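Read off the chains here:
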Amino acid sequence: MTRMTGAQALIKSLEMENVDTIFGLPGGCILPAYDPLLESSIRHVLVRHEQGAGHMAEGYAHVTGRPGVAMVTSGPAATNLVTPLMDAYMDSIPMVGITGQVATGAIGTDAFQECDTVGITRSCTKHNELVMSADDIPMAVRVAFHIATTGRPGPTLIDVPKDVLENEMTWYWPSDDEVKASLPGYRPNTKGHPRMIKEAAKLIMQAERPLLYVGGGMLKARAAEVLRELVDLTGIHVVTTLMARGVFPDSDPLNLGMPGMHGNAYTTTAMQQSDLLINLGARFDDRITGRVGSFAPHAKVIHVDIDPAEQGKVRKPDVPIVGDCRLVTEELVKEIIALQEGGVAQPDLGPWKSRISGWREQFPTTYEQSEPGNALKPQFCLEQLRELAPEGTILTSGVGQHQMWSSLHWKFEEPYTWVNSGGLGTMGFSIPAAIGAKMGRPDRTVWAVDGDGCFQMTAQELVTATVERIPIKVALLNNSYLGMVRQWQEMFYDERYSEVYLSTEYPDYVKWAESMGCVGIRVESPEEVAPAIEKANSINDRTVVIEFRTDSNEKVFPMVPAGRSNDDLLVHPTQTAIRDRLA
Amino acid sequence: MTAVNPKGSSLNHHILSVLVQNRPGVLARVASLFARRGYNIYSLAVAPAEDEGMSRITIVVDVDTAPLEQIVKQLFKLIDVVKISELDPRRSVERELLLATVRVDVEHRSQIVELATIFEAKMLAVGPDAMTVSLEGHPDKLDDFEELLSDRGIVELQRTGRVALPKLDRGAHLRVNTPNSPRGNTKGTVR
Ligand SMILES: Cc1ncc(C[n+]2csc(CCOP(=O)(O)OP(=O)(O)O)c2C)c(N)n1
Ligand SMILES: [Mg+2]
């Protein structure tokens, strides 16, 4: 019988869960847990703001598939963690938050730094729990990890009062069976229904204009390989949503990239014209469907999702399949092979494919190069960055125009190389997520694309990167504006710009970067772009920030105006004259 | 949660009998899910269930606010929710309790007593200018009683919200989803 404190049990439980990294920042109530950390094999990364800890945990989880862990104190620290928890909830990122809480006797008294963490985080976690006894800590940790990583992944949170951390308990480690028994209401269904899978295979073999509409669920399910098999088997084009970029190589001609509000015109149009959408782990987000009533009006829908509540939430599927995307796709492949061996053949997809290539040739996602002497085009900077990026580079992004350009102009060749905030659209995500990603994959180069607005929300974590020696690279696309909002005001509010101009002078990003121990480089003209990137790529012992001074007028195209049908999408101004050929 | 239709229940109401693990905050989880997803609760009753560690929440939902299927699926996602059954009103027994204090002077007391007798309500307390009655029964019956009482001037009224169980005849227990149904609910197993 090993006696230990609740705090020791907490850290030991995390070790038992194979946690190698914790992102966090200590304070009063969580203090006891920081003491045994000194003896632990777990690496703790001390952040500058708890939001940073949460996004780092997310970045780590994105690239490793393992749950990220953020540990912070009570009250304001717990509330600082709310944004990343919500972010992880929206994007189904496995993450475990650990918060300190005031001592059990003080709960409910408005004690110093008390807040109802479990209440506040109830709707932004998959599950959360206030642990009221030291004896319960190992089980609480096991349950938190189990729930975060199984079924539809998501964030969980354990709130631990200070006296619970200080009290003694007898160590034990609950078995899998005990964990299961404690959760009689939690039995995620991973195997798809065989009859539905058969049904889906049949539809696929009949469709004349099929599309694979692939979402983040395929990455969560680690299903990139079987997706490749399915594509090889059927020759069907793949649409990769913002959350799925990288699951299928962009170099493959069958990959149509991102659809939706800022998706490629040919991709969105192909979805509109399709007669069968094979939705694998996507959720018909409003940024993809546009006005739901006119989304893909001719398409039958096969919807594979591990979360039963996604079935029919937005679009009623003809064939709903609840299950793990990888397991279901594997079965689907088998069914299709069986049909093919039985002599069933797909209709000739030739006409459909040539329509798609027609759209693709006429409506490439494009931009105009800047005139000499004018500000840089952000897309050009990204293309150069991509050109010069070492193989296997991981790209993270903030939220705004730069995010859409990253998704549109980067070429992803490998899964888990794209980390961004999709569902919540959290400005400031990029830098901390990049630090977390670098901790998860120290062997990879990690480039954080950021906007000037976003940068100013979480840049302090570059101090964390320097002090903790986690070198990342930042490509700051500085257009002096909250660019995405500016674009909406330009296009939909008659160019009435309201509170979107940040500044062209302040801050001085190079000085700021240098003050945080990073190398700072400012780039203003096209010929400086490549050399600056090459220099950044050659520096691997420090974080490098390149500030690209970009054109504030540049807009993201294509665009489906909010609330409109995908059929109303606006193409790049240079393509407007031929717009009617997009049908 | 919004107050609903003051006069009685619609025939289309749906009764969900939700078996939950009796953990701290479980009711808050259920309630905040309804609030967050914009579903209306018509009435709600909670009490410990027959199994130790479990509670049964009987929720009557306003079906117009969201498709029932989506409500049920979202509820299933709560880890503490173990089982959900939809009870078809035609095939279940529903009961509710009503307490009401009515202002009534001595002269008119007999009218209330008469009304109470017709409804088989109980007289719980009688004072010089008021009396308190209780009625247990089908919620529709309670609605009628309440309406008639309100003409007399109700001072205070409290209803418990309905509780329900499937009728004993075969097939009454209509499960919303079954474990192997294609829609894949995983919690429908009858214990
Ligand atoms: C935390 C937060 N606040 C506000 C918004 C709304 N918003 C979306 S994009 C954007 C502008 C982002 O500006 P910047 O980082 O400079 O990126 P740009 O669009 O200029 O590339 C804003 C304010 C948001 N997504 N997140
Ligand atoms: Mg900007």
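Residues numbered from 1 in each chain as written. Chains lettered and ligands numbered in written order. Predicted model: local features only at pLDDT ≥ 70, side-chain atom pairs only at ≥ 80, totals over all residues. Heavy atoms only, no water.

Draft legend 1. Representation of the sheet that holds strand β2 (residues 21-25) of chain A within the structure. Residues and elements named next belong to chain A. Here we have six strands laid out as an open sheet, ordered β3-β2-β4-β5-β7-β6, and parallel in their pairing. Looking at the sheet topology across the chains shown, the edges are occupied by β3 (43-46) and β6 (127-130). Neighbouring strand axes in the sheet, compared pairwise and without regard to direction, differ in orientation by 20° on average. Sheet analysis places β2 next to strand β4 (residues 68-72), joined by three bridges and oriented parallel. Counterpart to Leu25 in the pairing with β4 is Val72. (Pairing = 2+ DSSP bridges. Helix = DSSP H or I, 4+ residues; strand = E, 2+ residues; numbered from the N terminus. Axes fitted to C-alpha atoms, helices over the stretch in contact; angles between N-to-C directions.)

Draft legend 2. Region of the structure containing empty space enclosed by the protein. Residue and element names in this part refer to chain A. All told, the structure shown has one cavity of 30 Å³ or more when counted by the stated rule. Here the largest cavity is characterised by a volume of approximately 60 Å³. Residue lining of the largest cavity: His127, Asn128, Glu129, Ala140, Val143, Ala144, Ile147, Thr156, Leu157 and Ile158, and that is the complete set. For the lining of the largest cavity, the secondary structure elements donating two or more residues are β6, α7 (137-149) and β7 (155-161). The element best represented in the lining of the largest cavity is α7, accounting for four residues. For the lining of the largest cavity, a count of residues per class yields six nonpolar, three polar and one charged. (1 Å grid on protein atoms, 1.4 Å probe; cavity = no way out; pocket = protein on both sides within 12 Å on 5 of 7 lines; lining within 4 Å. Points joined across faces, edges and corners; volume = space filled by probe spheres on them. Nonpolar A, V, L, I, M, F, W, Y, C, P; charged D, E, K, R; others polar.)

Draft legend 3. Focus on a negative patch on the surface. Residue and element names in this part refer to chain B. A cluster of like negative charges, contributed by Asp140, Asp144, Glu147 and Asp151, occupies part of the molecular surface. When you line up the elements, Asp140 lands in helix α4 (residues 139-150). Under the relative-accessibility criterion, Asp140 is labelled partly exposed at 33%. (Patch = residues over 30% accessible without salt bridge, like charges linked within 9 Å, V, L, I, M, F, W, Y side chains within 5 Å. Areas by Shrake-Rupley, 256 points an atom, 1.4 Å probe, with all protein chains shown as cover. Salt bridge = Lys/Arg side-chain N within 4 Å of Asp/Glu carboxyl O. Lys, Arg positive; Asp, Glu negative; His and termini not counted. Charge placed at Lys NZ, Arg CZ, Asp CG, Glu CD. Buried < 20%, exposed > 50% of the residue type's maximum accessible area, 1.4 Å probe, protein only.)

Draft legend 4. Quick look at the coordination of the magnesium ion (ligand 2). Residues and elements named next belong to chain A. In this structure, Asp452 (OD), Asn479 (OD1) and Tyr481 (O) serve as the protein donors to the magnesium ion (ligand 2), at separations of 2.0 to 2.1 Å. Of note, the donors binding the magnesium ion (ligand 2) are all from one chain and are spaced D-x26-N-x1-Y. Remark: Asn479 occurs in the loop between β17 (473-478) and α22 (483-492) and Asp452 occurs in helix α20 (residues 452-458); sequence separation between them is 27 residues. (Donors = N, O, S within 2.8 Å, 3.2 Å for Na, K, Ca; no water.)

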